Amino acid sequence: MFLGTNAVSNHDKPAAFDNLFVESSSEVSRLLMHAITLVDSDETVAIDLMKQASTLLRPYPASEAPRKRPATGGLAPWQENRVRQYIEDNLATTISLDELARLVRLSTSYFSAAFKVSFDMSPHNYIISRRVEHAKHRMTSSRASLSEIALDCGLSDQAHLSRIFRKATGKTPSAWRRFSTSH
């Protein structure tokens with residue numbers, strides 16, 4: 001969501017970052033208002049919403065957008081982008097560690113270690129987190145059954161979706177869907 005410093009000329013920087021501030025402020029307000037309405041009925045979700053708002057409030061220097069420093073021992077930016085895009089494009093299929101390593105021309109063991117440095121999690125956990133996010137998106141944007149969503153996310157069945165979803169969010173997919181569509 002943040003613009004890189006190369007994407008905006010020096011002349012346009014104040015306007016671009018003002019727009020980012022307005023967008024962030026609106027999102028923080030929306031998250032906090034939603035948390036306030038839930039604090040009595042679902043404290044866990046209210047706390048999660050406050051944590052999301054807190055993340056958006058992280059201070060950055062006013063003169064520039066946050067820049068990610070390359071991690072020593074991590075993947076090169078082109079490798080990160082290629083792996084990220086490949087995972088997004090193939091969420092509905094089985095994604096192996098070997099194929100990800102081949103994609104960026106690294107050995108499987110080196111790729112696994114470099115991926116963890118770059119993404120702060122293992123390739124498996126990253127793929128699971130992307131599948132959960134994809135499932136959330138499908139649950140809020142369609143009326144598809146949970147078993148259909150599970151298959152669309154590359155999971156074997158609805159029970160598999162329920163296990164990983166509950167582990168990641170603390171809620172079952174059906175409870176999360178009811179909550180998300182009611183607000």
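Each chain carries its own residue numbering, running from 1 in the written order of its sequence. Owing to the predicted nature of the model, reporting of local features is limited to residues with pLDDT of at least 70; listing and counting of side-chain atom pairs is limited to 80 or more, with chain, interface and lining totals taken over all residues. Only hydrogens and water are set aside when side-chain values are computed; all heavy atoms of the structure are taken into account.

Participant: Got a minute to help me understand the pattern of salt bridges in this structure?
Facilitator: It is possible for side chains of opposite charge to pair when their charged atoms get near one another. Just to be clear on terms, a salt bridge is a Lys or Arg side-chain nitrogen sitting within 4 Å of an Asp or Glu carboxyl oxygen. Evaluation of the coordinates by the stated rule reveals 5 salt bridges. Across the pair R130 and E88 runs a salt bridge whose closest N-O atoms are separated by 2.5 Å. Of this pair, R130 sits in helix α6 (residues 123–141) while E88 sits in helix α3 (residues 77–89), placing them 42 residues apart in sequence. On the basis of relative accessibility, which here comes to 30%, the residue E88 falls in the partly exposed class. As a salt-bridge pair, R138 and E148 come within 3.6 Å of each other at their nearest N and O atoms. Here R138 is found in helix α6, whereas its partner E148 is found in helix α7 (residues 146–152), with 10 residues between them in sequence. Under the scheme applied here, a residue whose accessible area is under 20% of the maximum for its type counts as buried, over 50% as exposed, and between as partly exposed, the area being computed with a 1.4 Å probe on protein chains only. Its relative accessible area of 17% is what places R138 among the buried residues. One connected set of salt bridges, linked through shared partners, spans R138, E148 and D152. Under the scheme used here, helices are H or I runs from DSSP no shorter than 4 residues and strands are E runs no shorter than 2 residues, and both carry numbers assigned from the N terminus.

Participant: Hey, could you run me through the packing of α3 against α6 in this one?
Facilitator: When two helices pack together, their arrangement is given by the angle between their axes and by how far apart the axes lie. To obtain an axis, a line is fitted to C-alpha atoms, over the contacting stretch when the element is a helix, and the angle between two such axes runs from 0 to 180 degrees between their N-to-C directions. Closest axis-to-axis distance for the α3/α6 pair is 10 Å, and the angle between their directions is 50°. One way to sum up the angle between α3 and α6 is to call them oblique. Taken as a pair, α3 and α6 cross one another with a handedness that is right-handed. Facing R84, I87 and E88 of α3, the residues of α6 in contact are Y126, I127 and R130. Following the grouping adopted for this structure description, the nonpolar residues are Ala, Val, Leu, Ile, Met, Phe, Trp, Tyr, Cys and Pro, the charged ones are Asp, Glu, Lys and Arg, and the polar ones are all others, Gly among them. By residue class, the composition of the contact of α3 with α6 is 3 nonpolar, no polar and 3 charged. Here is the rule for angles: anything less than 35 degrees is roughly parallel, anything more than 145 is roughly antiparallel, 65 through 115 is roughly perpendicular, and the remaining ranges are oblique. Each crossing is labelled by how the near helix is turned from the far one, with a counterclockwise turn of less than a right angle marking it left-handed and a clockwise turn marking it right-handed. Whether two residues touch is decided by their heavy atoms; if any such pair falls within 4.5 Å, the residues are in contact.

Participant: Explain unusual backbone geometry here, please?
Facilitator: Glycine aside, residues mostly have negative phi, and peptide bonds are mostly found in the trans state. The backbone phi angle of R105 is positive, close to 60°, even though this residue is not glycine. For D120, which is not glycine, the phi torsion reads 60° and is therefore positive. On the secondary structure map, D120 appears in the loop between α5 (108–119) and α6. What makes D120 exposed here is its relative accessible area of 68%.

Participant: Is there a simple way to explain the layout of surface pockets in this structure?
Facilitator: A water-sized probe, rolled over the atoms, reveals where empty space remains. Cavities and pockets are found on a 1 Å grid laid over the protein atoms alone: a cavity is a set of points where a 1.4 Å probe fits but cannot escape, a pocket is an open set with protein on both sides within 12 Å along at least five of seven lines, and a lining residue has an atom within 4 Å of such a point. Grid points are joined across faces, edges and corners, and a volume is the space filled by probe spheres set on the points. For the largest pocket, the calculated volume is near 480 Å³. Taken together, 19 residues line the largest pocket, and the ones lying closest to its centre are V45, L49, Q52, K136 and W176. Breaking the lining of the largest pocket down by element, the ones donating at least two residues are α1 (13–38), α2 (43–56), α8 (158–169) and α9 (173–182). For the lining of the largest pocket, the element with the highest residue contribution is α2, accounting for 6 residues. Classifying every residue of the lining of the largest pocket by side-chain character gives 6 nonpolar, 7 polar and 6 charged.

Participant: Explanation requested: a nonpolar patch on the surface in the structure shown.
Facilitator: Patch membership requires over 30% relative accessible area and the absence of a salt bridge. Like charges are linked within 9 Å, and nonpolar side chains (Val, Leu, Ile, Met, Phe, Trp, Tyr) within 5 Å. In this description, accessible areas are obtained by the Shrake-Rupley approach with a 1.4 Å probe, and a residue is regarded as covered only by the protein chains that are shown. Among the surface-exposed residues, L32, I47 and M50 lie close enough to one another that they form a single nonpolar patch of about 220 Å² accessible area. For M50, a relative accessible area of 38% corresponds to the partly exposed category.

Participant: What am I meant to see in the environment of P173 here?
Facilitator: Tracing the chain through its elements places P173 in helix α9. Between the C-alpha atom of P173 and that of M139, which follows or precedes it by 34 residues, the distance is 8.3 Å. Sequence-distant contacts of P173, defined by excluding residues within four places in its chain, comprise M139, L146, L161, S162 and F165.

Participant: Help me out: how do you make sense of the side chain of R138 in this one?
Facilitator: Within the structure, the side chain of R138 is placed 2.7 Å from the side chain of D152, a separation counted as a polar contact. Contacts of R138, omitting those with residues within four sequence positions, involve A144, E148, I149, D152 and R177. Pairs of N or O atoms are called polar contacts if they sit within 3.5 Å, as long as, within protein, a hydrogen donor faces a hydrogen acceptor (for residues adjacent in sequence, only side-chain-to-side-chain pairs).

Participant: Before we go on, may I ask you to explain the confidence of the model for the chain in this structure?
Facilitator: Note: predicted coordinates in regions of low pLDDT should not be interpreted at a detailed level. Looking at the chain as a whole, the pLDDT averages 81, with 78% of positions reaching at least 70. Summary of the metric used: pLDDT quantifies the predictor's per-residue confidence within the range 0 to 100. Under a pLDDT of 50 for its full length, residues 1–13 has, in the predicted model, 17 contacts with residues more than four places off or in other chains. The model gives residues 61–65 a pLDDT under 50, and that stretch makes 6 contacts with residues more than four places away or in other chains.

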